[in-house]
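Chain by chain, the residues:
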Amino acid sequence: MTLGLLVAAPAAQADAWLREEGRSFLSFSVQSTAKGPDFGTYASLFYEYGLTGRLTIGVDAGRNLASGDTSGLLFLRTPLSTGRSAAAFELGLGAVETAAGLTAALRPGLAWGRSYDAPWGNGWVGLDASYALYGTGAGLGKIDATFGVNHASGALSVVQLQYSAPSSGRSTLAIAPSHVVKLSETLFLELGLVHEFRNRTTAVKLGMWTTF
């Protein structure tokens, strides 16, 4: 698996809002090909903690269970603006390991989000942009656009467009709809699909979220 495919896998769930001070969010998901070229089952781990009111820290990691390719980043997020419309800057530092070896990774990013109220309920829209730089000299740009709906039951419906552009290779565009079911006050189940248009690949995604 190339660096672009590895780091483009949907591990990150960062947005423009910070985690509340002293609170944590943890998610684990598995994504597996259902139709089209099989790039392997991918497992993702995402954790963030509200260190202060203006600083969230976290871990963004993933592993391809077929190839063994692994990525791991420690990140910091700080607000640029707050409120109903918010913006944030994030910086991640870590490493990626593939068959070619281990290389360092630096990933700066910007995020914008806005909450809304509509006849069908309330929710949010968001835009996240990042560019990962690797010790090999390669790079990967990503832009994710998100539309989310909060349901009265506590469930969430989310649709995301995911654009990835590696410095060497062709860009990709995917659509990723998902529904998140509230199991308890702190535990959620995510059921989703990811369809990547260029390779005509469809994957299913199963995840668990918890807050504490």
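Residues numbered from 1 in each chain as written. Predicted model: local features only at pLDDT ≥ 70, side-chain atom pairs only at ≥ 80, totals over all residues. Heavy atoms only, no water.

1. Quick word on unusual backbone geometry
Leaving glycine out, the prevailing phi sign among residues is negative, and the prevailing peptide bond configuration is trans.
And step 1. Positioned with a positive phi, Arg200 is a non-glycine residue whose angle comes to about 55 degrees.
And step 2. With respect to the element layout, Arg200 can be found in the loop between strand E11 (187-196) and strand E12 (201-211). (Helix = DSSP H or I, 4+ residues; strand = E, 2+ residues; numbered from the N terminus.)

2. A word on the sheet that holds strand E2 (residues 42-52)
And step 1. Around the barrel, twelve strands lie side by side as E1-E2-E3-E4-E5-E6-E7-E8-E9-E10-E11-E12; this closed barrel has antiparallel pairing. Across this sheet, the average inter-strand angle for adjacent strands is 20 degrees, counted without regard to direction.
And step 2. As paired elements, strand E8 (residues 139-150) and strand E9 (residues 156-166) share eleven bridges and run antiparallel to each other. Across the sheet, Val149 pairs through a bridge with Ser157, a residue of E9. (Pairing = 2+ DSSP bridges. Axes fitted to C-alpha atoms, helices over the stretch in contact; angles between N-to-C directions.)

3. Some details on the pairing of E9
And step 1. A loop of five residues connects E8 with E9, the two strands running antiparallel in sequence, and Gly154 in this loop sits at a positive phi of about 95 degrees.
And step 2. Pairing of E9 with strand E10 (residues 172-182), which is carried by nine bridges, proceeds in the antiparallel orientation. In the strand pairing of E10, Val158 is matched with Ser178.

4. Quick word on the nonpolar core
And step 1. In this structure, Phe25, Phe46, Phe75, Trp124, Leu156, Val158, Val180, Phe188 and Trp209 together form the largest nonpolar core, which totals nine residues.
And step 2. Counting six residues, the second-largest nonpolar core is a separate cluster that includes Leu73, Val96, Ala132 and Tyr134. (Core = buried A, V, L, I, M, F, W, Y, C linked by side-chain atoms within 4.5 Å. Buried < 20%, exposed > 50% of the residue type's maximum accessible area, 1.4 Å probe, protein only.)

5. Thoughts on the pattern of salt bridges
For side chains of opposite charge, pairing can occur when their charged atoms come near one another.
And step 1. This model, assessed by the stated rule, comprises eight salt bridges.
And step 2. Among the ionic pairs, Arg77 bridges to Glu90, the shortest N-O distance being 3.0 Å. Here Arg77 is found in strand E4 (residues 70-81), whereas its partner Glu90 is found in strand E5 (residues 85-98), with 13 residues between them in sequence. Both residues of the pair, Arg77 and Glu90, count as buried.
And step 3. For Lys182, the salt bridge goes to Glu185, with nearest N and O atoms at 3.3 Å.
And step 4. Because the salt bridges share partners, they merge into one network encompassing Arg19, Glu48, Asp60, Arg77, Glu90 and Arg107. (Salt bridge = Lys/Arg side-chain N within 4 Å of Asp/Glu carboxyl O.)

6. Details of the packing of aromatic side chains
And step 1. Enumeration according to the criterion identifies five aromatic pairs in this entry.
And step 2. Ring geometry for Tyr116 and Phe147: centres 5.5 Å apart, planes at 10 degrees, overall stacked. Within this pair, whereas Tyr116 is found in strand E6 (residues 101-118), its partner Phe147 is found in strand E8, the two being separated by 31 residues in sequence.
And step 3. Residue Phe147 is classed as partly exposed on the basis of its relative accessible area, which comes to 36%.
And step 4. By the ring-pair criterion, three or more aromatic residues cluster together here, those being Phe25, Phe46, Phe75 and Trp209. (Phe/Tyr/Trp six-rings, centres within 6.5 Å; stacked < 30°, edge-to-face > 60°.)

7. A word on the pairing of E5
And step 1. With eleven bridges connecting them, E4 and E5 associate as antiparallel partners. Following the sheet pairing, Arg77 is matched in E5 by Glu90.
And step 2. A loop of three residues connects E4 with E5, the two strands running antiparallel in sequence, and Gly83 in this loop sits at a positive phi of about 115 degrees.
And step 3. Where E5 folds back onto E6 in an antiparallel hairpin, the turn is made up of two residues.

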